[in-house]
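Read off the chains here:
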Amino acid sequence: MAVGPVVSPPHSVDGFVKEFLRELNFGTGVLLSRATVNDQYVALARTVAHYLAARWLEGGRTRREAGVKVVGYLSAEYLLGRQLGNALLATGLRDIVEEGLESCGINLSTLRAQEVEPGLGNGGLGRLAACFIDSLATLNVPCIGYGIRYEYGIFRQTFVDGRQVEQPDAWLSLGSPWEFPHPEAAVQVDFGGTTEEYVDEDGTPRRRWLPSWNVLGVPYNYMVPGYHNGRVNTLRLWSAQATKAFDLQIFNSGDYAEAVRAQTFAENISKVLYPEDSTPQGRELRLQQQYFFVACSLRDFIERELPADFDLHDLPERIIFQLNDTHPVIAVPELMRLLVDERKMDWDEAWAVTQKCFAYTCHTLLPEALEVWPTEMLAKLLPRHLEIIYQINDGFLREVREAFPGDEMRARRMSIVTDYPERAVRMAYLATVAGAKVNGVAELHSQLLRDKVLPDFSEYWPEKFTNVTNGVTPRRFIRLANWNFTRLINETIGTGWVTDLDRLAELEPYAEDPEFRARFRQVKAANKERLAKLLVARDGIVLPEGHLLDVMVKRLHEYKRQSMKLLHILSTYEQIISGAIDPATVTPRTFVFGAKAAPGYKMAKETIFAINAVAATLAADERTNHLLTVAFPANYNVTLAEKLIPAADLSEQISLAGKEASGTGNMKFALNGALTIGTDDGANVEIRELVGDDNFILFGMSEPEVADLQARGYNPAAVYESNPLLKRAIDLLASGHFTEGNRDAMNPLVMDLLYNDRFLALADFQSYIEAQAKVDELYADPDAWSRKAILNVARTGFFSSDRSMREYLDRIWHAKAL
Ligand code: NBG
């Protein structure tokens with residue numbers, strides 16, 4: 001196959017312009033003189049995609065021929081962010097493209113702003129998947145990311161009278177130039193029906209599935225380019241389609257509505273991303289989505305990526321499927337079904353193969369977030385899979401009873417199938433039993449996973465458990481998002497850090513250099529200015545100049561404690577207006593929130609309302625508005641994160657200890673030179689250890705202290721009564737001050753804080769306030785502050801997702817770079 005030059009040497013400006021215009025004319029069907037911005041964007045995206053495609057096709061071919069092991073990343077979510085900038089970066093084509101477009105009178109940034117990001121994920125879990133596939137491509141490791149092409153991604157958030165209103169995310173409506181659909185390669189996926197026993201040709205009794213309905217999975221391929229290495233991996237997202245678009249008979253009888261019903265029903269499967277973060281939606285459609293995409297993916301890999309005569313006993317040499325949380329765990333019985341029912345493999349042999357083909361990552365500690373599927377639902381939707389799960393469980397419990405004779409309670413505790421509160425399958429247990437490895441996503445999380453979530457399993461299989469601390473891709477989150485800083489780093493230590501982030505350590509001596517610190521401050525100032533411009537245009541929000549920029553961006557969840565952040569703001573505000581403190585001593589701060597609440601999560605939505613109400617009142621208060629500003633731009637997403645994070649001075653990572661599995665925003669902030677105020681939770685622990693106690697503002701109870709307080713019994717109202725500062729802040733919130741005298745409006749949040757406070761915000765309040773006072777004190781000395789910020793950057797190279805991927809490769813996947 002002839003492969004054109006792709007990465008270097010890049011095409012000439014003239015060559016690019018020719019291809020761009022050809023794409024515009026013949027791909028999009030318009031003349032330059034009549035092309036809209038969207039036409040131009042689509043044509044540009046396709047042109048850039050073509051530069052990548054040759055390497056992509058070539059890479060796929062060599063991988064198949066070489067027969068190397070592939071990482072199959074199974075994830076229900078990929079929060080990719082915009083593609084164009086990343087593709088330009090990967091190909092090194094940016095300058096040529098900019099110049100070429102200019103010669104056509106087109107501005108590259110205008111076209112970049114036209115792209116709607118594919119929001120196919122909720123938060124950290126989906127963004128992590130996107131970082132991981134970026135790193136694997138950059139490490140030259142063959143990987144296929146498998147997932148769902150939701151027609152509607154995470155909802156678009158708007159605020160109406162301060163309350164969250166969700167709008168559908170029609171991200172495909174203006175076209176999607178980065179995808180390659182392959183309807184001819186559609187895979188059939190079965191559902192429902194019954195099972196039966198039969199005797200095969202060899203006289204062996206077997207079971208088989210007689211499904212009652214099916215849908216088609218149409219693959220849409222996306223390119224995942226490595227950074228400057230010519231590697232392009234594949235992300236394959238499945239879209240559901242009806243097998244028979246129209247039931248001809250019904251259609252001919254004139255019942256059009258009935259005929260399209262089947263189609264609508266099938267297509268619903270990939271229609272919309274469940275907007276839940278950390279808590280599963282126990283809906284049948286969700287299970288359909290999960291089975292749909294893993295069934296497509298397994299069949300795709302076995303039938304399309306492997307040679308036709310491949311001996312499936314050797315499957316573990318060619319693939320490791322990584323289960324991104326419990327969402328894809330139904331893949332375990334599906335592989336067993338493919339091997340035993342379809343390929344007639346002996347059960348024990350199939351189980352040995354299966355146990356080597358999967359590994360499981362857990363991303364949570366909240367018990368309510370561990371998926372459990374009622375057996376009744378499984379029996380209805382996937383009857384054969386339920387039988388297989390029972391058989392897996394029987395074999396496993398036999399082992400357990402042999403290992404711990406007489407310990408029936410233990411067998412019950414470890415059973416994959418539980419009877420309480422209803423008969424159901426614990427997907428995390430199934431994943432643990434089937435997986436070759438089980439990992440948590442930060443040291444503390446992995447420890448708690450072993451000790452508290454899966455203690456019996458970690459006792460039984462200590463070697464199965466491991467930790468891989470999360471990471472983030474430096475390409476998107478430093479190199480692309482923070483060009484000002486990139487330039488400074490490049491001038492100081494060269495460009496090697498982009499693929500070898502430990503080299504940021506070379507910046508350490510520069511923390512002592514006043515000139516470097518001054519340049520670092522110029523970078524921050526420029527990033528703040530860039531953010532200010534964006535927020536005015538995007539949200540009509542005006543950011544004051546010269547403020548400490550204090551940022552809390554993440555999903556809205558009680559355990560993350562946005563309400564505690566709000567109490568800090570309220571307390572400062574209350575002290576100024578009551579005259580308790582001299583305004584001249586207050587550090588001017590702008591607090592930025594970004595957060596979506598799950599549509600059904602009442603308390604999270606009340607918190608959004610409260611933040612917006614406080615923001616509006618503070619904006620109008622002449623006594624304080626030069627000192628305290630609250631900005632809450634709606635619809636926080638990857639695109640906004642890329643502008644917000646590089647501008648931040650202070651990163652808020654204030655979850656209750658023992659609740660945040662890792663966090664990855666915390667890493668992005670530290671790497672972009674913000675200081676963290678945080679609890680000893682998730683990856684904060686490791687950030688603090690690396691940057692040092694002097695360069696991290698720690699507060700709050702530790703995880704054992706939390707457990708201890710909860711065991712003793714926690715009474716938030718008593719904390720409120722005993723802390724005057726806290727009392728005044730909450731009283732002000734409850735007073736109607738922020739809601740035009742309407743006291744009821746804040747009632748749900750206030751009552752919850754006083755009488756429930758599940759995540760102990762009041763218990764940590766005093767410690768938090770004191771830590772914030774320390775922030776003010778530190779910020780008063782800009783030189784000392786920038787020194788600490790630079791040390792944060794220099795010492796956090798560990799948090800590259802390239803490092804995470806190397807750990808998975810060495811310890812879990814045993815796969816290699818090409
Ligand atoms: C999230 C955790 C985060 C973690 C990401 C990525 C889920 C279920 N979990 O702390 O809450 O950083 O996963 O591992 O979304």
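Residues numbered from 1 in each chain as written. Predicted model: local features only at pLDDT ≥ 70, side-chain atom pairs only at ≥ 80, totals over all residues. Heavy atoms only, no water.

Draft legend 1. Inspection of helix H20 (residues 483-493) at higher detail. Those residues of H20 lying buried are Phe485, Thr486, Leu488, Ile489, Thr492 and Ile493. Buried residues of H20 fall within an arc of 165° about the axis and therefore sit on the same side. Of the residues trailing H20, glycine 494 is marked for its positive phi of about 85°. (Buried < 20%, exposed > 50% of the residue type's maximum accessible area, 1.4 Å probe, protein only. Helix = DSSP H or I, 4+ residues; strand = E, 2+ residues; numbered from the N terminus. Arc of directions from axis to C-beta.)

Draft legend 2. Geometry of the pattern of salt bridges. This model, assessed by the stated rule, comprises 59 salt bridges. The salt bridge partner of aspartate 456 is arginine 413, with a shortest N-O separation of 2.8 Å. Of this pair, aspartate 456 sits in helix H18 (residues 455-460) while arginine 413 sits in helix H15 (residues 408-414); the two residues are 43 residues apart in sequence, bridging distant segments of the chain. Aspartate 456 gets classed as buried once you look at its relative accessible area, which sits at 11%. (Salt bridge = Lys/Arg side-chain N within 4 Å of Asp/Glu carboxyl O.)

Draft legend 3. Geometry of the site of the ligand. In the neighbourhood of the ligand, 14 residues make up the surrounding shell, with His363, Asn470, Glu660, Ser662 and Gly663 lying closest. When the free accessible area of the ligand is taken as 380 Å², the share hidden by the protein chains comes to 93%. Along the lines of polarity and charge, the residues of the shell around the ligand split into five nonpolar, seven polar and two charged. (Near = heavy atom within 4 Å. Areas by Shrake-Rupley, 256 points an atom, 1.4 Å probe, with all protein chains shown as cover. Nonpolar A, V, L, I, M, F, W, Y, C, P; charged D, E, K, R; others polar.)

Draft legend 4. Spatial organisation of the sheet that holds strand S15 (residues 372-374). The antiparallel open sheet is built from three strands, whose spatial order is S15-S17-S16. Strand pairing shows two members of the sheet lacking a second neighbour, S15 and strand S16 (417-418), which therefore form its edges. In terms of strand pairing, S16 meets strand S17 (residues 424-426) through two bridges, oriented antiparallel. In the strand pairing of S17, valine 417 is matched with valine 425. Its contacts with the sheet put helix H16 (residues 427-434) on S15 and S17, and the angle it makes with S17 is roughly 50°. (Pairing = 2+ DSSP bridges. Contact = heavy atoms within 4.5 Å. Axes fitted to C-alpha atoms, helices over the stretch in contact; angles between N-to-C directions.)

Draft legend 5. Representation of the nonpolar core. If you look at the biggest cluster of nonpolar residues, it comprises 154 residues, and the most contacted ones within it are Leu44, Phe292, Leu315, Ile392 and Trp813. In terms of residue count, the dominant contributor to this core is helix H2 (residues 37-66) (eleven residues). Within the second largest apolar cluster, 106 residues are counted, among which are Leu501, Val638, Leu749 and Ala794. (Core = buried A, V, L, I, M, F, W, Y, C linked by side-chain atoms within 4.5 Å.)

Draft legend 6. Molecular detail of helix H11 (residues 331-342). H11 sits mainly inside the fold: eleven of its twelve residues count as buried. Among all positions of H11, only Ala331, Val332, Pro333, Glu334, Leu335, Met336, Arg337, Leu338, Leu339, Val340 and Asp341 are buried. Where H11 terminates, the next one or two residues include lysine 344, which has phi positive at roughly 60°.

Draft legend 7. Local environment of the side chain of serine 415. On the secondary structure map, serine 415 appears in the loop between H15 and S16. A distance of 3.0 Å separates the side chain of serine 415 from the side chain of asparagine 393, its partner in a polar contact. (Polar contact = N/O pair within 3.5 Å; in protein donor to acceptor, adjacent residues only side chain to side chain.)

Draft legend 8. Fine view of the packing of helix H31 (residues 761-779) against helix H32 (residues 782-794). Running from N to C, H31 and H32 cross one another at 110°; their axes reach a closest spacing of 7 Å. Relative to H32, the element H31 lies roughly perpendicular. Side by side, H31 and H32 meet where Val775, Leu778 and Tyr779 of the first sit next to Pro782, Trp785 and Lys788 of the second. The residue inventory of the contact of H31 with H32, partitioned by class, reads five nonpolar, no polar and one charged. (Parallel < 35°, antiparallel > 145°, perpendicular 65-115°, else oblique.)

Draft legend 9. Representation of the packing of helix H6 (residues 124-138) against helix H33 (residues 801-813). Between H6 and H33, whose axes approach to 9 Å, the crossing angle comes to 80°. Relative to H33, the element H6 lies roughly perpendicular. In contact with Cys131, Phe132, Ser135 and Leu136 of H6, H33 contributes Ser801, Asp802, Ser804, Met805, Tyr808, Leu809 and Trp813. In terms of residue class, the contact of H6 with H33 is made up of seven nonpolar, three polar and one charged.

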